[in-house]
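One letter stands for each residue in the lines below.
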Amino acid sequence: MLTLDDFDFDLPQDLIAQHPTGERSASRLLRMNGEKISDHLFGDLPRFVRAGDLLVLNDTRVIHARLFGRKESGGRVEVLVERVVDAHRAVALVRSSKAPRPGSRLVLEDAITVTVRGRCGAQAAFFELELTGEGDLWSLIEEHGRLPLPPYISHPATRVDEARYQTVYARNPGAVAAPTAGLHFDEALLARLATGGVDIAWLTLHVGAGTFQPVRVHDIAGHRMHSERFVLPPATVTAVQRTQARGGQVIAVGTTTLRALEAAAIAGELRPGTWETDLFITPGFKFRIVDRLITNFHLPKSTLLMLVSAFAGVSEIRLAYRHAIGQRYRFFSYGDAMLLNRQ
């Protein structure tokens, strides 16, 4: 029986990366195979993959999902959009001194007025908001909202963040957090991989605000994930099947990509389509698709740390994190990366 304590570790605050490296592929890469660890640069990745392998990447794009404003009563609010449902409705986290009441209005960034329709989502953690008046929520949020940097990054979003907190292949808007393993890739590295015979395929999973929600139960079996939407194209399913048939390895770039692939194969066969998933991957999970994983270092007691522990082994991940801290790797969204094999 695993508890939160099994996924805790002490991290020096100065190892939490506040800014990206000067160049994307200049970040560090910890390579782990069983209990064997080696240290590299991310630009060395082509040395560790083979012709015929398949990289699967998440092409979601981060939207300006953070908005500040006030209630009609005057109290201050902070809104983090979970998803835009349509032109007039959104689901969001709302932070204020008192929870807003159904029927009340919020004025955001002095430009957007929404009516609170009520609570929704897992543990009723979110609010349904409806646009009041003319306009389109997608365009209004992009125009007036702010880039939602994670809470452990202490500075407001800058022009550098606007560029570097997106992957170079971000295409489909809808995420409120970046698929951070992909931040290490630049166009030159992708070209080197393709030239070396590595295939590349895409899916879209819009990372939701639930990624920042802590696990609040001691026994992790009692935790419930927030649902996220993803699109798995038929071409990507074909690429996975072709790779498996020829003995290549399927390499997920990021936990979002891994979660989408495994959720789409939970019934046994990988299927294309548009899906919602609340899949919670913990040690003991049976992986069907992904052979290797590229991922950043994750927060203590987080669902993402549980996922990578399920994939590479609990004791192996503890060893890797001790090594990373000792070697002063940079942690979290703007931090360094790991290349893991499925155990």
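Refer to the structure presented above.
The following paragraphs examine the structure supplied in this document.

How each quantity is defined
Residues numbered from 1 in each chain as written. Predicted model: local features only at pLDDT ≥ 70, side-chain atom pairs only at ≥ 80, totals over all residues. Heavy atoms only, no water. Pairing = 2+ DSSP bridges. Helix = DSSP H or I, 4+ residues; strand = E, 2+ residues; numbered from the N terminus. Axes fitted to C-alpha atoms, helices over the stretch in contact; angles between N-to-C directions. Left-handed = near helix turned anticlockwise from the far one by under 90°. Contact = heavy atoms within 4.5 Å.

## Focus on the sheet that holds strand β17 (residues 337-341)
Thought 1: Read across the open sheet, the 9 strands follow the order β2-β1-β17-β16-β14-β3-β12-β13-β15; overall the sheet is mixed. One side of each edge strand has no neighbouring strand; the edge strands of this open sheet are β2 (36-41) and β15 (273-277). Going from strand to strand, the sheet's axes swing by 25 degrees on average, the running direction of each strand aside.
Thought 2: Examined bridge by bridge, strand β1 (residues 28-33) and β17 share 4 bridges and lie parallel to one another.

## A closer look at the packing of helix α6 (residues 303-312) against helix α7 (residues 314-326)
Thought 1: As a packed pair, α6 and α7 sit with axes 7 Å apart at the nearest point and diverge in direction by 115 degrees. Of the two elements, α6 crosses α7, and the hand of that crossing is right-handed. Contacts from L305, V308, S309 and A312 of α6 reach α7 at V314, E316, I317 and Y321.

## Points about the sheet that holds strand β5 (residues 66-71)
Thought 1: An order of β5-β6-β7-β10-β9-β8 is seen for the 6 strands of this closed barrel, with the pairing classed as antiparallel. Strand-to-strand, the axes of this sheet are offset by a mean angle of 45 degrees, without reference to chain direction.
Thought 2: Here strand β7 (residues 89-96) runs beside strand β10 (residues 126-131); their pairing, made up of 4 bridges, is antiparallel. Considered in β10, the bridge of V91 is made with E128.

None of the figures reported here should be taken as evidence of function without further support.
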